[in-house]
Amino acid sequence: MRIPFTQVDAFADEAFKGNPAAVMPLTKWLDDDTLLAIAVENNLSETAFLVPDASGEADYELRWFTPGAEVALCGHATLASGHVVLSSDTDRAHVRFRTRQAGVLEVSRDGHRYAMALPAWVPQPKPLPEIVAGLELPEGAVQETLWHDKGYALVVVENEAQVRACAPDMRALAPLGPYVIIVAGPGETTDVVSRVFVPAFDIDEDPVTGSAHAVMVPYWAQRLGRDRMSAYQASARGGRLSCRLDGDRVVLGGACVTVIEGTFLLP
């Protein structure tokens, strides 16, 4: 079986930045073990699989797999999927994806970039002592800890330097559960700076995480007193996002760069 394969650097204005994702369109769903095996072979933070949506609710069904598991929401692989679809049809202005746990997501053209609407997952205050301990942050650095039931932990620190200096104990964090662990603080040149750790999904640090911003933006909109903000994810690759809270949606803006096109040969 021959499957089209495109590797895209999402939330990137140039190659080798942002977060890479594989986008693989299918005519029908393969079994879950095969989808996971393909994601393991690709060895990227996410592989996105698309199937034409027969329900009429969207253009495609969309699922995302890390090398460790299927995930509930992946922003950068959704942006990459929108880039692949819209690049192949220049007359199309937007594309809609029906997902299994995050509803219908839309990616639209926005000049030379894209705008992506995700659900606003509002986190709630909650003590997270085991996660804070595993992050090994300096004493007094943590200002707030919040939680969203999709498995997202938000740890807010005082400043950008503390975000950048964070050196978690991945062996301590991974057994806690399939969590997306976000460390965020006010930025020096952007409104928000963050890093995201997902060791339970076989990824220590995710380069740029759209879904984490679906959790962060409602918090920072309230804290900053405005619904628009700039964000930078301070991983080794790095990625910049424009962010806007629009009712029950978080709209993220970013560019994409295609770096590989080819064919995956499935036995």
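Scroll up a little and you will see the structure.
Draft legend 1. Region of interest: the pattern of salt bridges. Tallied over the full model, the rule gives 13 salt bridges. For Asp 13, the salt bridge goes to Arg 113, with nearest N and O atoms at 3.6 Å. Of the two residues, Asp 13 sits in the loop between β1 (2–10) and β2 (19–25) while Arg 113 sits in strand β7 (residues 113–119), which places them 100 residues apart along the sequence. Judged by relative accessible area, Asp 13 falls into the exposed class, the value being 59%.

Draft legend 2. Molecular detail of helix α1 (residues 32–42). For α1, the full list of buried residues reads Thr 34, Leu 35, Ile 38, Ala 39 and Asn 42. Taken around the axis of α1, the buried residues stretch over an arc of 140°, which confines them to a single face. The exposed set on the far side of α1, more than 90 degrees from its buried face, consists of Asp 33 and Glu 41. Measuring from the backbone nitrogen of Asp 33 back to the side-chain oxygen at the start of α1 gives 3.2 Å, which picks out Asp 31 as the cap. After α1 finishes, the residue Asn 43 shows a positive phi value of roughly 60°.

Draft legend 3. Structural detail: the pairing of strand β14 (residues 228–233). In the sheet, strand β12 (residues 192–198) pairs with β14 via three bridges, with the strands oriented parallel. Bridge pairing in β14 links Val 193 to Tyr 232. Taken together, the six bridges between β14 and strand β15 (residues 239–246) define a ladder with antiparallel strand orientation. Opposite Arg 228, over in β15, you have Arg 244 as the bridge partner.

Draft legend 4. The arrangement of the nonpolar core in detail. Ranked by size, the top nonpolar core spans 57 residues in total, and within it Trp 64, Leu 73 and Ile 182 carry the most contacts. Residue contributions to this core peak at eight residues, all from helix α6 (residues 210–224). One finds Val 157, Val 163, Leu 173 and Tyr 232 within the second-largest nonpolar core, a separate group that totals 19 residues.

Draft legend 5. Seen up close, unusual backbone geometry. At Asn 43, a position not held by glycine, the phi torsion is positive, near 60°. Within the fold, Asn 43 resides in the loop between α1 and β3 (46–52). Residue Asn 43 is classed as exposed on the basis of its relative accessible area of 60%.

Draft legend 6. Structural view of the pairing of strand β16 (residues 249–254). The buried count for β16 comes to five of six residues, which makes it a mostly enclosed element. Note that β7 and β16 share six bridges and pair antiparallel. Paired with Ala 117 across the bridge in β16 is Val 251. Here β15 runs beside β16; their pairing, made up of five bridges, is antiparallel. For Asp 246, the partnering residue across the bridge sits in β16 and is Arg 249. Linking two consecutive strands that pair antiparallel, namely β15 and β16, is a turn of two residues; a positive phi of about 65° is found at Gly 247 within it.

Draft legend 7. Seen up close, the environment of Cys 74. For Cys 74, the location among the structural elements is in the loop between β4 (60–65) and α2 (75–88). Residues Cys 74 and Ala 214, spaced 140 residues apart in sequence, show a C-alpha to C-alpha distance of 10.0 Å. Not counting residues within four places of it along the chain, the set of residues in contact with Cys 74 comprises Glu 46 and Trp 64.

Draft legend 8. Quick peek at the side chain of Ser 45. Mapping Ser 45 onto the fold places it in the loop between α1 and β3. For Ser 45, a relative accessible area of 8% translates into the label buried. Separated by 3.0 Å, the side chains of Ser 45 and Asn 19 make a polar contact. Within the structure, Ser 45 has its side chain in polar contact with the backbone oxygen of Pro 20 (distance 3.4 Å). Dropping the residues within four chain positions of it, Ser 45 is found in contact with Asn 19, Pro 20, Phe 65, Thr 66, Pro 67, His 76, Ile 203 and Asp 206.

Thresholds, definitions, all that
Here the residue index of a chain counts from 1 through its sequence in written order. Given that the model is predicted, a residue must reach a pLDDT of at least 70 before its local features are reported, and side-chain atom pairs must reach 80 or more before they are shown or counted; all residues, however, enter totals for whole chains, interfaces and linings. Side-chain numbers come from the whole structure's heavy atoms, not from hydrogens or water. Salt bridges are counted wherever a side-chain nitrogen of Lys or Arg sits within 4 Å of a carboxyl oxygen of Asp or Glu. Think of it this way: any DSSP run of H or I at least four residues long counts as a helix, any run of E at least two long counts as a strand, and we number them from the N terminus. Note on classification: 1.4 Å probe, protein chains only; a residue is buried when its accessible area is under 20% of the maximum for its type, exposed when over 50%, partly exposed between these limits. Comment: arc refers to directions from the helix axis out to C-beta atoms. Polar contacts, as used here, are pairs of N or O atoms within 3.5 Å; protein pairs need one atom able to donate a hydrogen and one able to accept it. Residues neighboring in sequence count only if both atoms are side-chain atoms. What makes two strands pair is DSSP finding at least two bridges between them. Note on terminology: a nonpolar core comprises buried Ala, Val, Leu, Ile, Met, Phe, Trp, Tyr and Cys residues joined through side-chain atoms within 4.5 Å. Note on contacts: a residue pair is in contact if any heavy atoms of the two residues lie within 4.5 Å.

Purely geometric numbers; function is a separate question.
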